[in-house]
Structures are given as structure tokens and as C-alpha cells.
Amino acid sequence: MYLYIGLAGSLGAVARYAISIIMVHDSGFPFSTLLVNLIGCYALAYLMSRRLRFSSRLKSAISTGFLGSFTTFSAFSVETITMIEANQIGIAILYMTVSIVGGIMMSNLGWKKEVGP
């Protein structure tokens, strides 16, 4: 089990790093952290709310391993403090609001049960 989680965690960390390379850096707004956290909220809720035919090992590898290393609350926290220290209070509040409200909305979207037969 530890091996599966570790391997998936490695992939999640690499995926997060790849997104941070691809995203815009000049704006001063942490778009890459916001994006991975919103994707992670949706994906974890989707995975946990459905009866997918995954083994418990694979489900743990995806949820704890991949998504656990793909998303990052610590970066969100440090980026927020950095903005506050730089006296960018409005941007910090916007970032916190979009991250928290957006994360809950994405989790809700992922959690929605499939409609139909």
C-alpha cells in the first residue's frame, strides 16, 4: 500500500510542478496553486462520492498519493501571507475567497451524483 501511495504521490508532485511551469507567473497572482487546488477538490469529491470499480489500493493511491501531493494547502497559506506582507490585502482576500468558495463549489460539483438510469 505504501508503495502505491508513494508512486502516485510522485506523479502528483510532478503534475503540480508541470502546471506551475505552464501557468502565467508575471501577474503576481498564484494561478497555478489555485488551479491545482480547485482541480483537486473536484477530483477528490468525485472519487469519494461514487462507487467506482477501483481496488482500495488504487483509490488510496489516487486520493492520498496523487491528489494529496498534487494539491497544496501550505503553498496557499504561504502565498496568502506573502501577499499580506507585500500590502496586497485586496489580492490576498480575493485569493482566499476564490480558493475557499471555489474549492467548496468544485467539491460540490464533483460530489453530485450522476443523473439518469
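Everything below is about the structure shown above.
Because the structure is predicted, anything quoted here is derived from the model rather than measured.

**Q** Lay out the overall build of the protein chain in plain terms, naming residues and giving numbers.
**A** Helices and strands together make up the secondary structure of the protein chain, namely 5 helices and 0 strands. Ordering the α and β elements of the protein chain from the N terminus gives α-α-α-α-α. Along the longest, intermediate and shortest principal axes, the C-alpha atoms of the protein chain span 50 × 35 × 20 Å. When the 117 residues of the protein chain are sorted by exposure, 28% land in the buried category.

**Q** Any chance you could break down the packing of aromatic side chains for me, citing the residues and the numbers?
**A** Considering all chains together, one arrives at 6 aromatic pairs under this definition. With a centroid separation of 5.5 Å and 15 degrees between ring planes, the pair formed by F66 and F70 is classed as stacked. Here F66 and its partner F70 are both found in helix α3 (residues 56-70), 4 residues apart, which amounts to about one turn of the helix. Given a relative accessible area of 28%, F66 falls into the partly exposed group. The rings of F29, F31, F73, F76 and Y95 are connected pair by pair, giving a single aromatic cluster.

**Q** Requested: an account of α3, with residues and values cited.
**A** The first and last C-alpha atoms of α3 sit 20 Å apart over 15 residues, in line with the 21 Å expected at 1.5 Å per residue. A maximum bend of about 25 degrees is found in α3 at I62. All of the buried residues in α3 are A61, S63, G65, L67, S69 and F70.

**Q** Pulling in residues and values, what's your account of the nonpolar core?
**A** Formed by F29, L34, L38, F76, M83, A92 and Y95, the largest nonpolar core amounts to 7 residues. Elements represented by at least two residues in this core include exactly α2 (31-49), α4 (73-85) and α5 (89-111). Residues contacting Y95, with those up to four places away along its chain left out, are F29, P30, T33, L34, F76, E79, T80 and M83.

**Q** Break down the environment of A8 for me, with residues and values.
**A** Structurally, the position occupied by A8 is in helix α1 (residues 2-22). In this structure the C-alpha to C-alpha distance between A8 and R53, which are 45 residues apart in sequence, comes to 18 Å. Once residues lying within four places of it in the same chain are set aside, the contact partners of A8 are A61, G65, F66 and S69.

**Q** Account for the packing of α1 against α3, with residues named and values stated.
**A** Two numbers describe a pair of packed helices, the interaxial angle and the distance between the axes. At a minimum axis distance of 7 Å, the contact between α1 and α3 shows a crossing angle of 35 degrees. The chirality of how α1 crosses α3 is right-handed. Touching Y4, I5, A8, G9, L11, G12, A13, A15, R16 and I19 of α1 are R57, S60, A61, T64, G65, F66, S69 and F70, all from α3. Among the residues making up the contact of α1 with α3, the classes are represented as 10 nonpolar, 6 polar and 2 charged.

Criteria and thresholds
Residues numbered from 1 in each chain as written. Predicted model: local features only at pLDDT ≥ 70, side-chain atom pairs only at ≥ 80, totals over all residues. Heavy atoms only, no water. Helix = DSSP H or I, 4+ residues; strand = E, 2+ residues; numbered from the N terminus. Buried < 20%, exposed > 50% of the residue type's maximum accessible area, 1.4 Å probe, protein only. Phe/Tyr/Trp six-rings, centres within 6.5 Å; stacked < 30°, edge-to-face > 60°. Expected span 1.5 Å × (residues − 1). Bend = angle between axes of the 7 residues up to and from the residue. Core = buried A, V, L, I, M, F, W, Y, C linked by side-chain atoms within 4.5 Å. Contact = heavy atoms within 4.5 Å. Axes fitted to C-alpha atoms, helices over the stretch in contact; angles between N-to-C directions. Left-handed = near helix turned anticlockwise from the far one by under 90°. Nonpolar A, V, L, I, M, F, W, Y, C, P; charged D, E, K, R; others polar.

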